[in-house]
Structures are given as structure tokens and as C-alpha cells.
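Coordinate inspection notes
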Amino acid sequence: MNIESIELRHVRVSLVSPFETSFGVTTDRETIIARVVADGVTGWGECVADAAPGYSCETVTTAWHILRDFLIPELLRAPLDDPRDTPVRFRRVRGHNMAKATLEAALWDIAAQQAGLSLSRYLGGVRERVPVGVSIGIQPSSDKLAETARRYCEAGYRRIKIKIKPGRDLADARAARQAVGDTPLMIDANSAYTLADAPLFQQMDALGLLMIEQPLGYDDIYEHHKLQQQLSTPICLDESIHSAADARFALEIGACRIINIKQGRVGGLTNAIAAHYVCRQAGAPVWCGGMLETGIGRALNVALASLPNFTLPGDLSASNRYYRLDLIDPPFELNPDSTLSVPAGPGLGVTVIQDRLDAATLRRETFRR
Ligand code: OSB
Ligand code: MG
């Protein structure tokens, strides 16, 4: 693969409704879209870093800096045989997983197109439709939450996740359970609690939750093991898993029973696939996490979620759950069986709508060999 040019765009797209988590509120999603041209083929990648370092230490600005000053020069320096070699090419840059994953995504899109295959096929995907759920942000009140949860159930989502934070936890979880009946329900704390809150999570056991996502420290594994010992509900780790090795460690010590895989958080698709196989080896199911991606990042996630061990519904909702006008065509739509269809066309299998991308662009820079 001879990389000819790489274009970065800092984009901003408005969410259909503000998304509140324990670490803050997002109204407009800001991110970076990379367009890579190699051997005359165009590939797209979306960065999952946000404007603020609330979920992880990376931001749009740190990712831009690492991409421009280190990762892009490294890719333009010499040809690349396979997208699987990207983590090795980037190994002299410590961390910055989200920045790295942005370029690797575009390279996978190109490689799959060159092979004449959909990205899902190219990765060894086994599903044409992937099971999905919806992630509901913290609402103004428990009543509003119940109403929102009911609305998503009616829209066809068969797995509901609610965000919690201190002061908005047990009552919200109970209201959601009441609202959704026996629809699979889970909660995500985004690291807002400590081990001293174990009694709160023990009370949650009575709600029959599918899992409790990342209750404790964003960089913790050990205390999650302490908490898991006191709960019957499975813990799922998100923030603290940055590699296949982290996943293996967490599962081996019993810090969780499920892992949320986000390709951006683990430094790209190659590492995400490796983490997925590590979990399968350990007998732990995984699901594909989301970061409010536009259709560009969503198409990649949907392909990833078609791999064999992604047996639980992912945070991959329809385009209209996030954006009024997505950046891609066709938009992702929810099937009646609470799945998204895996695009069958070459590469990501979706078309970027250039006008909308241009309208969303705040800044742009192109790099050439
Ligand atoms: O913790 O899973 C998370 C969104 C932004 C940052 C972190 C998370 C989330 C979500 C939304 O839960 C998932 C989605 O994209 O639907
Ligand atoms: Mg999460």
C-alpha cells in the first residue's frame, strides 16, 4: 500500500439531543475525520476522541497533534503491506490509542476495497446483521428517563443501557426497569464510584441487570475484582481496557465477566480483534462499544461487531438516534429484530456525503508524500 495523501478534518456535528454521562454533557460531537488515499483508493477513519478529556485523556487537540507530528509522517515515510502492521509502525508513539486507531481504520477500509470485499468479510465476520441496543444519557428526572426508555423500546431496541451517576442511580435504575419490563437492561457509571459504594451495587442485583459497566476508577482493574466478588450481576469493563493484555488480565483475576470493545480505546482494529479473541479464549462474551460516532465510525464498528464473539448487543444505534443528518449514505436504520445490517459493499460499504462533511468541517489539513 503506497500512501499518497492524508487529509484530516476537525468536524463538529450536533446531536439530536444532549447526551449526559457522569463525566459531562455532550451537545455537539467534535471529532477528527481522516481521508487516506493509497494506490488511488480512498479510505475513511473517524477518531473517537472528544473535545474534552472526560472519558479518556485524549482529546481532538491531542489527537490532531499526534497525528500531524508523528503518526502521519511515519505512514508517509514508507509503504505498508497490511493494515495489521499499523500497530508495529506506530510503536514508537506511546499511548494515544485513539489517534492511532483513526489512521488504521482508513487503512482497513482501503485494504478491504483492494480485496474487493466488505470490511466485515475481510475481517472474518460471521453475521449479516448485528444485535444492537441503545445507550440513554442521564435525563432531567427519573420520570423523563422512564418515558425515554419506553420510547426506545417502542422504536424496537431490545437492549437498553442507562447512564448513572451518584445521586442518580438506584431510583433511575428502578424506574428504567419498571418502564422496560423484561427487556434486557444495563447501567453504565463511567467510573463515578468507589469500592465504598459496594452496598449500592448489591441493591442493584435485585434488578436483574444484564451487566454493570465500569462502576469504579477509569484506570482500575483490581478494585473491580473486589467489587465483582460481592455481586451476582456481571461487571463489564470499558475505560480500563486498553489492550488485549488488559482484557486477559481483567478476566483472569475476575475483575469482570464481560468486556466492551472499542477499537479506538485499544489503539485500532488489529488490537480490537486480538482482544476479542482473547476474550473468546477466556469464555467471556464481548460487545462493541460506541462513542457517538458518525456513520463513518459506525460502519467500522458494525463490521467489527460481525466477528464471532460479539454475541451481546452493541452500543450501535441507528443514525437517527444520534444525528438528524448523518455524514453517510445510506444511513443506518434499525431492523425490526433490533439489529443493524452489515453493509455488503466494498470496504466500509457506505458513501460519505461530501456536502455534509464540508458543512461540519471546522479545520482541514492535507499531508502528502
Ligand atoms: O461509556 O460507553 C460509554 C458515549 C461516549 C463516551 C462513552 C460512552 C458513550 C456511550 C454511547 O455510552 C454509546 C453510543 O455511541 O451509542
Ligand atoms: Mg461505557
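Reference entry: report on the structure contained in this document. (Residues numbered from 1 in each chain as written. Chains lettered and ligands numbered in written order. Predicted model: local features only at pLDDT ≥ 70, side-chain atom pairs only at ≥ 80, totals over all residues. Heavy atoms only, no water.)

**Re the environment of Phe 23**
Along the chain, the position of Phe 23 falls in the loop between β1 (3-21) and β2 (24-38). Separated by 335 residues in the primary sequence, Phe 23 and Asp 358 have C-alpha atoms spaced 30 Å apart. (Helix = DSSP H or I, 4+ residues; strand = E, 2+ residues; numbered from the N terminus.)

**So, the coordination of the magnesium ion (ligand 2)**
Summarising the metal site, the magnesium ion (ligand 2) is bound by the protein donors Asp 188 (OD), Glu 213 (OE) and Asp 238 (OD), whose distances to it range over 2.1 to 2.3 Å. In the primary structure, the donors to the magnesium ion (ligand 2) are separated according to the pattern D-x24-E-x24-D. Note that Asp 188 is positioned in strand β7 (residues 185-188) and Glu 213 in strand β8 (residues 212-213), a separation of 25 residues in sequence. In this pair, the class of Asp 188 matches that of Glu 213, namely buried. (Donors = N, O, S within 2.8 Å, 3.2 Å for Na, K, Ca; no water. Buried < 20%, exposed > 50% of the residue type's maximum accessible area, 1.4 Å probe, protein only.)

**Notes on the site of ligand 1**
Taken together, 16 residues form the shell around ligand 1, and within it Ser 135, Lys 163, Asn 190, Leu 292 and Tyr 322 come nearest. Measuring from an oxygen atom of ligand 1, one finds a side-chain N or O atom of Lys 163 at 3.0 Å. In this structure, Asp 238 approaches ligand 1 through a side-chain N or O atom, which is 3.2 Å from an oxygen atom. Look at ligand 1: alone it shows 390 Å² of surface, and the protein chains cover 97% of it. Classifying every residue of the shell around ligand 1 by side-chain character gives 6 nonpolar, 3 polar and 7 charged. Inspection of the shell around ligand 1 shows a minimum of three residues originating in each of domain 1 (3-116 + 354-368) and domain 2 (121-341). (Near = heavy atom within 4 Å. Polar contact = N/O pair within 3.5 Å; in protein donor to acceptor, adjacent residues only side chain to side chain. Areas by Shrake-Rupley, 256 points an atom, 1.4 Å probe, with all protein chains shown as cover. Nonpolar A, V, L, I, M, F, W, Y, C, P; charged D, E, K, R; others polar. Domains from an automatic or database assignment.)

**Here we look at the sheet that holds strand β11 (residues 286-288)**
Spatially, β5-β6-β7-β8-β9-β10-β11 is the arrangement adopted by the 7 strands of the open sheet, whose pairing is parallel. Since the sheet does not close on itself, it has two edges, and those belong to β5 (134-136) and β11, each with one partner. When strand β9 (residues 235-237) meets strand β10 (residues 258-261), the two strands line up parallel, connected through 2 bridges. Of the residues in β10, the one forming a bridge with Leu 237 is Ile 259. (Pairing = 2+ DSSP bridges.)

**Regarding the pairing of β7**
Along β7, one buried face is formed by Leu 185 and Ile 187 and the opposite face, lined by Met 186 and Asp 188, is buried too. Two elements, strand β6 (residues 160-163) and β7, share 4 bridges in a ladder whose sense is parallel. By the bridge assignment, Lys 163 is partnered in β7 with Asp 188. Crossover β6 to β7 through helix α6 (residues 170-180) is right-handed. The pairing of β7 with β8 spans 2 bridges and is parallel. The residue bridging Asp 188 from the neighbouring strand is Glu 213, located in β8. One crossover worth recording links β7 to the parallel β8 by way of helix α7 (residues 198-204), and it is right-handed. (Right-handed = clockwise from strand over helix to strand, strands pointing away.)

**Overview of the pattern of salt bridges**
Within this structure, the stated rule accounts for 20 salt bridges. Across the salt bridge formed by Asp 69 and Arg 68, the nearest N and O atoms sit 3.0 Å from each other. Accessibility expressed as a relative area gives 33% for Asp 69, which makes it partly exposed. A relative accessible area of 31% means that Arg 68 is categorised as partly exposed. Salt-bridge contacts for Asp 238 lead to Lys 262; the nearest nitrogen and oxygen are separated by 2.8 Å. Placement of Asp 238 in the loop between β9 and α9 (244-252) and of Lys 262 in the loop between β10 and α10 (269-281) is noted, with a sequence separation of 24 residues between them. A relative accessible area of 0% places Asp 238 in the buried class. (Salt bridge = Lys/Arg side-chain N within 4 Å of Asp/Glu carboxyl O.)

**Some words on the nonpolar core**
Counting residues in hydrophobic clusters, the biggest one holds 87 residues, and the most contacted among them are Ile 160, Phe 201 and Met 204. In terms of residue count, the dominant contributor to this core is helix α11 (residues 295-304) (6 residues). With near-sequence residues (within four places) excluded, Met 204 lies in contact with Ile 164, Asp 169, Leu 170, Ala 173, Ile 187, Leu 209 and Ile 212. The next biggest cluster of nonpolar side chains, apart from the first, holds 34 residues, and it includes Met 1, Val 41, Phe 90 and Ala 111. (Core = buried A, V, L, I, M, F, W, Y, C linked by side-chain atoms within 4.5 Å. Contact = heavy atoms within 4.5 Å.)

**A look at the packing of aromatic side chains**
As enumerated under the stated definition, the model contains 5 aromatic pairs in all. The interplanar angle of 55 degrees and the centroid separation of 6.3 Å between the aromatic rings of Phe 23 and Tyr 55 together place this pair among those described as tilted. Residue Phe 23 is found in the loop between β1 and β2, and its partner Tyr 55 is found in the loop between β3 (41-46) and α1 (60-77); the two are separated by 32 residues along the sequence. The partly exposed category is assigned to Phe 23, whose relative accessible area is 33%. Relative accessible area serves as the criterion here: at 10%, Tyr 55 is assigned to the buried category. Residue placement shows Arg 159 over the ring face of Trp 287; its charged tip is 5.5 Å from the ring centre. Above the face of the Tyr 322 ring, Arg 321 is positioned so that its terminal group lies 5.0 Å from the ring centre. (Phe/Tyr/Trp six-rings, centres within 6.5 Å; stacked < 30°, edge-to-face > 60°. Lys NZ or Arg CZ within 6 Å of the ring centre and 35° of its normal.)

**Topic: the sheet that holds β2**
Spatially, 4 strands are ordered β3-β2-β1-β15 in an open sheet, and the strand pairing comes out antiparallel. Of all strands in the sheet, those with a lone pairing partner are β3 and β15 (361-368), marking the two edges. In this sheet, adjacent strand axes meet at a mean angle of 20 degrees when their direction is disregarded. Here β1 runs beside β15; their pairing, made up of 7 bridges, is antiparallel. Residue pairing in the sheet places Val 11 in a bridge with Thr 361 of β15. Against the sheet, helix α3 (residues 97-114) engages β1, β2 and β3, with an angle of about 145 degrees to β3. (Axes fitted to C-alpha atoms, helices over the stretch in contact; angles between N-to-C directions.)

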